[in-house]
Amino acid sequence: MSVSFLKKKPKGKLFSIAFYNLENLFDTIDDPDTLDDEFTPEGDKKWSMKRYKRKLYKLAKTISEIGINTAHTTPVLVGVAEVENETVVRDLINAEPLREIDYGYVHYDSPDERGIDAALIYRKKEFKVLHSEPITLYVNNPDGTRDTTRDILYVHGVLNGEVVHVFVNHWPSRRDGETQTDYKRIKAAVTLVNFIKGIEEKQPDSNYIIMGDFNDGPDSESIKTLMQMENLYNPSEKLVTAYRGTANYRRQWSMFDQIIFSHNFLNYEKGTHSFAHANIFDEAFLTEFKGKYKGTPYRTYAGRKYIGGYSDHFPVYIQLKYND
């Protein structure tokens, strides 16, 4: 099932906007300043150049096919999470399935202790970057030490002539327990809300696209905190079921990966974009094809065992119709 607002075939061109958690896209080089040792040839996971290149190809192939059946072209914007550095983002857009597409990217190194960041990939022909910056998330652990988590990536740009504010998120994990870490993700939501309020003071009624791995579902306190901004719409609420989501843990589906956008995209006005469609990109080739995990994301590793898949998350995407 997908979420769609267009009953008739759209006359205008469709543009896909996607988010994809790439599950540990590390290069093979040891960075002395981060905890990346396991993703080196000598590390626990025996991460080699061959494995790295294979993963790049598979991720690039996935990105190239998101929304292709209806948009007939690759996504115009792709937010990604769990990239180690600028090099891996560049290697990704230069991998064979994406090489011929004129993609640019925005990336900043974040303070995450493992060295993983968020980035935005964009088609240069349709999207122009006006300004970008990392939004630092200041949150402490229960013992008072700072949790050096990922920044929120902010990109202010122009999509086919329409100004948009894009945020790529990878909120603090649940590694130490869901309820024990709730406050961190609520703080991320509050940080983002305050930043958007700052934009609204200068540019009221702006267009927002907020995407990411929020490590929380649509019904969580953190997402509800974000949605208190009444001009936002979250199609993910209608996508998640007991049998479908973007990640699967202990046979339970979750919808941590979401794309939320402002109500402006629900309106029709010439020279703007209107929301047409939202879905999880969970094609069969991205899933485990047999065994007890059949149908769940086909990941790169199961523990330390290399299985050569794509990611432990499915991508999500929305499609916007350009009103010409």
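Residues numbered from 1 in each chain as written. Predicted model: local features only at pLDDT ≥ 70, side-chain atom pairs only at ≥ 80, totals over all residues. Heavy atoms only, no water.

Draft legend 1. Broad picture of the side chain of Ser 236. Position of Ser 236 relative to the elements: it lies in helix H7 (residues 236–239). Ignoring sequence-local partners within four residues, the contact set of Ser 236 consists of Pro 218, Met 255, Asp 257, Gln 258 and Ile 259. (Helix = DSSP H or I, 4+ residues; strand = E, 2+ residues; numbered from the N terminus. Contact = heavy atoms within 4.5 Å.)

Draft legend 2. Fine view of the packing of helix H1 (residues 49–65) against helix H3 (residues 86–93). Running from N to C, H1 and H3 cross one another at 60 degrees; their axes reach a closest spacing of 9 Å. One way to sum up the angle between H1 and H3 is to call them oblique. Of the two elements, H1 crosses H3, and the hand of that crossing is right-handed. Of the residues in H3, those in contact with Tyr 52, Leu 56, Leu 59, Ala 60 and Ile 63 of H1 are Thr 87, Val 88, Asp 91 and Leu 92. Each residue belonging to the contact of H1 with H3 can be placed in one class, and the counts come to seven nonpolar, one polar and one charged. (Axes fitted to C-alpha atoms, helices over the stretch in contact; angles between N-to-C directions. Parallel < 35°, antiparallel > 145°, perpendicular 65-115°, else oblique. Left-handed = near helix turned anticlockwise from the far one by under 90°. Nonpolar A, V, L, I, M, F, W, Y, C, P; charged D, E, K, R; others polar.)

Draft legend 3. Structural view of the packing of aromatic side chains. Following the criterion strictly, the structure yields 19 aromatic pairs and no others. When the centroid spacing of 4.7 Å and the interplanar angle of 85 degrees are considered together, the rings of Trp 171 and Phe 214 count as edge-to-face. Placement of Trp 171 in the loop between strand S8 (162–170) and helix H5 (178–202) and of Phe 214 in the loop between strand S9 (208–213) and helix H6 (221–227) is noted, with a sequence separation of 43 residues between them. Following the ring pairs from residue to residue traces out a cluster consisting of Phe 26, Phe 39, Trp 47, Tyr 301 and Tyr 306. Across from the ring centre of Tyr 306, 4.0 Å away, lies the NZ or CZ of Arg 51, which sits over that ring. Sitting above the plane of the Phe 285 ring, Lys 61 keeps its charged end 4.1 Å from the centroid. (Phe/Tyr/Trp six-rings, centres within 6.5 Å; stacked < 30°, edge-to-face > 60°. Lys NZ or Arg CZ within 6 Å of the ring centre and 35° of its normal.)

Draft legend 4. Representation of the pattern of salt bridges. As enumerated under the stated definition, the model contains 16 salt bridges in all. Across the salt bridge formed by Glu 86 and Arg 90, the nearest N and O atoms sit 3.6 Å from each other. With Glu 86 and Arg 90 both in helix H3 and four residues apart, the pair spans about one turn of that helix. For Arg 90, a relative accessible area of 36% puts it in the partly exposed group. A salt bridge links Asp 182 to Arg 185, with the shortest nitrogen-to-oxygen separation between them at 3.2 Å. Taken as a pair, Asp 182 and Arg 185 lie in helix H5 at a separation of three residues, close to a single helical turn. When salt bridges that share partners are traced, they join Arg 174, Glu 178, Asp 182, Arg 185 and Asp 216 into one network. (Salt bridge = Lys/Arg side-chain N within 4 Å of Asp/Glu carboxyl O. Buried < 20%, exposed > 50% of the residue type's maximum accessible area, 1.4 Å probe, protein only.)

Draft legend 5. Up close: the pairing of S9. Most of S9 sits out of view: six of its six residues are buried. The alternating pattern of S9 places Tyr 208, Ile 210 and Gly 212 and Ile 209, Met 211 and Asp 213 on opposite faces, both of which are buried. The sheet contact formed by S8 and S9 spans six bridges and is parallel. Note on S9: the bridge partner recorded for Val 166 is Ile 209. The β-α-β motif built from S8, the intervening H5 and the parallel element S9 has right-handed crossover chirality. (Pairing = 2+ DSSP bridges. Right-handed = clockwise from strand over helix to strand, strands pointing away.)

Draft legend 6. Empty space enclosed by the protein, seen in detail. Enumeration over the complete set of coordinates arrives at two cavities of 30 Å³ or more. What the largest cavity holds in volume is close to 60 Å³. What lines the largest cavity is His 107, Tyr 108, Asp 109, Ser 110, Asp 117, Ala 118, Pro 134, Asp 151, Ile 152 and Leu 153. Those elements giving two or more residues to the lining of the largest cavity turn out to be strand S5 (117–123) and strand S7 (152–159). Its residues assigned to classes, the lining of the largest cavity shows five nonpolar, two polar and three charged. When its volume is computed, the second largest cavity comes out at roughly 30 Å³. Lining the second largest cavity we find Pro 235, Ser 236, Leu 239, Ile 259, Ala 278, Asn 279, Val 316, Tyr 317 and Ile 318. It is strand S17 (residues 316–322) that contributes the most residues to the lining of the second largest cavity, three residues altogether. Here the lining of the second largest cavity is composed, by residue class, of seven nonpolar, two polar and no charged. (1 Å grid on protein atoms, 1.4 Å probe; cavity = no way out; pocket = protein on both sides within 12 Å on 5 of 7 lines; lining within 4 Å. Points joined across faces, edges and corners; volume = space filled by probe spheres on them.)

Draft legend 7. Region of the structure containing unusual backbone geometry. In this structure, Arg 250 is a non-glycine residue whose phi angle is positive, near 50 degrees. Along the chain, Arg 250 falls in the loop between strand S11 (247–249) and strand S12 (252–254). Phi is positive for Arg 251, close to 65 degrees, though the residue is something other than glycine. On the secondary structure map, Arg 251 appears in the loop between S11 and S12. A residue is classified by how much of its surface remains accessible, and Arg 251, at 56% relative accessible area, is exposed.

Draft legend 8. View of the pairing of strand S3 (residues 77–83). A large share of S3 lies buried, amounting to seven of its seven residues. Alignment of strand S2 (residues 14–25) against S3, held across six bridges, turns out to be parallel. For Ile 17, the partnering residue across the bridge sits in S3 and is Leu 77. With six bridges joining them, S3 and S5 adopt antiparallel strand pairing. Within the sheet, the bridge partner assigned to Leu 77 lies in S5 and is Tyr 122.

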